[in-house]
Amino acid sequence: MPKRRRCRVNITIPQMATRQVSSGPAPDALAPGAVARLDEDGAAAPESLEAALETTRRALARTQALYRVSSAQLASETLDVLLQRVVDTMVEVLSAWRVHMIALDMERQVVVGNYRGGVDAEQLLDIDFEEQMEGLAGWTIRHRQATISPGGVRDLRESDRVHDRRATYGHGSMLVAPMLYGERAHGIVAVLKRPGDGEFDQSDLELVSEMASQAAMAIESTEIREALRAARDELEERVALR
């Protein structure tokens with residue numbers, strides 16, 4: 001009898017059409033787009049399955065991060081606590097070296113808040129509004145989009161003094177996203193990798209952009225509540241004086 005030949009089959013799992021999130025993947029589930037290697041008995045090769053599971057774990061962790069930030073807003077935490085939670089979540093999920101969220105008042109052209117997280121985050125110094133506008137913070141706000149700046153390469157979108165300051169921290173990869181709500185900009189988030197730790201990717205960019213939008217929504221909601229509270233207090237004072 002002729003010998004049976006063993007073969008390997010590559011099967012690509014197609015992308016799903018929706019972005020719905022279930023309660024969690026089955027233990028042996030493959031991530032969308034993953035390629036599994038199957039032997040003739042239909043068993044997945046361990047290295048292929050592990051890579052697919054790692055992709056699924058990463059996607060799930062990021063979904064959970066967005067959920068935690070949304071839950072914090074519903075819990076009516078103070079704005080400072082909420083924004084710091086966003087920063088700490090970014091550090092955790094992105095395995096970032098440092099994260100610096102800078103709240104800006106664009107009308108008065110001043111920095112109104114600094115929120116830091118990561119390793120030795122206190123070394124991230126306060127930077128005034130003018131210098132912010134000379135770097136990637138200003139670029140992302142003007143262009144209304146997030147960006148990735150590679151590590152170890154001079155970014156021509158930064159002024160000389162912004163570049164020099166960045167170099168003092170160590171010139172690792174940096175991701176910067178504007179905090180936008182409608183037509184208003186409320187600041188930026190800068191996420192830094194340690195020099196030599198590789199580059200951010202598109203999925204990182206999308207996650208930080210989404211979390212920056214949630215932070216902007218929290219700031220906007222707080223400002224609206226404070227304005228309504230001030231109007232109510234003024235009205236009550238007028239009524240009391242009659």
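Residue positions within a chain follow its written sequence, with the count starting from 1. Totals for whole chains, interfaces and linings use every residue, but because this is a predicted model, local features are given only for residues with pLDDT of at least 70 and side-chain atom pairs only at 80 or more, for both listing and counting. No hydrogens and no water enter the side-chain calculation; it runs on all heavy atoms of the structure.

## Side note on the environment of valine 81
For the purposes of this entry, the term helix denotes a DSSP run of H or I that reaches at least four residues, the term strand denotes a run of E that reaches at least two, and both are numbered from the N terminus. Within the secondary structure, valine 81 is located in helix H2 (residues 79–94). For valine 81 and tyrosine 115, which are 34 residues apart along the polypeptide, the C-alpha to C-alpha distance reads 9.7 Å.

## Quick word on helix H4 (residues 136–143)
Counted residue by residue, H4 has 6 buried out of 8 residues, so it is predominantly covered. For H4, the set of buried residues is Leu136, Ala137, Gly138, Trp139, Thr140 and Ile141. Arginine 144 sits one or two positions beyond H4 and adopts a positive phi of about 55 degrees. A 1.4 Å probe rolled over the protein chains alone gives each residue an accessible area, and that area as a share of the maximum for its type sets the label: buried under 20%, exposed over 50%, partly exposed in between.

## Quick word on the pairing of strand S7 (residues 184–192)
By the criterion of burial, S7 is predominantly enclosed, with 8 of the 9 residues buried. Here strand S3 (residues 98–105) pairs with S7 via 6 bridges, running antiparallel. Directly across from valine 99, in S7, lies its bridge partner valine 191. Strand direction decides the pairing type here: strand S6 (residues 174–181) and S7, joined by 7 bridges, are antiparallel. Across the sheet, residue valine 176 finds its bridge partner in S7, namely alanine 190. Any two strands are treated as partners once DSSP identifies two or more bridges connecting them. In textbook terms, the turn of a hairpin is the stretch between consecutive antiparallel strands, and for S6 and S7 this stretch comprises 2 residues, one of which, glycine 182, has a positive phi near 65 degrees.

## Some points on the pairing of S3
The buried fraction of S3 is high, at 7 of 8 residues. Where S3 folds back onto strand S4 (residues 110–118) in an antiparallel hairpin, the turn is made up of 4 residues, including glutamine 109, whose phi is positive at roughly 55 degrees.

## Focus: the packing of H2 against helix H6 (residues 202–241)
In this description, a line fitted to the C-alpha atoms serves as the axis of each element, helices being fitted only across the stretch in contact, and the angle between N-to-C directions of two axes falls anywhere from 0 to 180 degrees. In contact at an axis separation of 10 Å, H2 and H6 are set at 175 degrees when each is read in the N-to-C sense. With respect to their mutual orientation, H2 and H6 come out roughly antiparallel. Contacts between H2 and H6 involve Leu79, Leu82, Leu83, Val86, Thr89, Met90, Val93 and Leu94 from the former and Asp204, Leu207, Val208, Met211, Ala212, Ala215, Ala218, Ile219 and Thr222 from the latter. Here the residues of the contact of H2 with H6 sort into 14 nonpolar, 2 polar and 1 charged. In these notes the angle categories are as follows: under 35 degrees is roughly parallel, over 145 is roughly antiparallel, 65 to 115 is roughly perpendicular, and the rest is oblique. Residue contacts follow a heavy-atom distance rule, with two residues in contact if any of their heavy atoms lie within 4.5 Å. Gly counts as polar in this scheme, as do all residues outside two lists: the nonpolar Ala, Val, Leu, Ile, Met, Phe, Trp, Tyr, Cys and Pro, and the charged Asp, Glu, Lys and Arg.

## Points about H2
Between its first and last C-alpha, H2 extends 22 Å over 16 residues, near the 22 Å set by a 1.5 Å rise per residue. Backbone geometry just after H2 places serine 95 at a positive phi near 50 degrees. Multiplying one less than the number of residues by 1.5 Å gives the expected span of a helix.

Bear in mind that shape data such as this cannot, by itself, settle questions of function.
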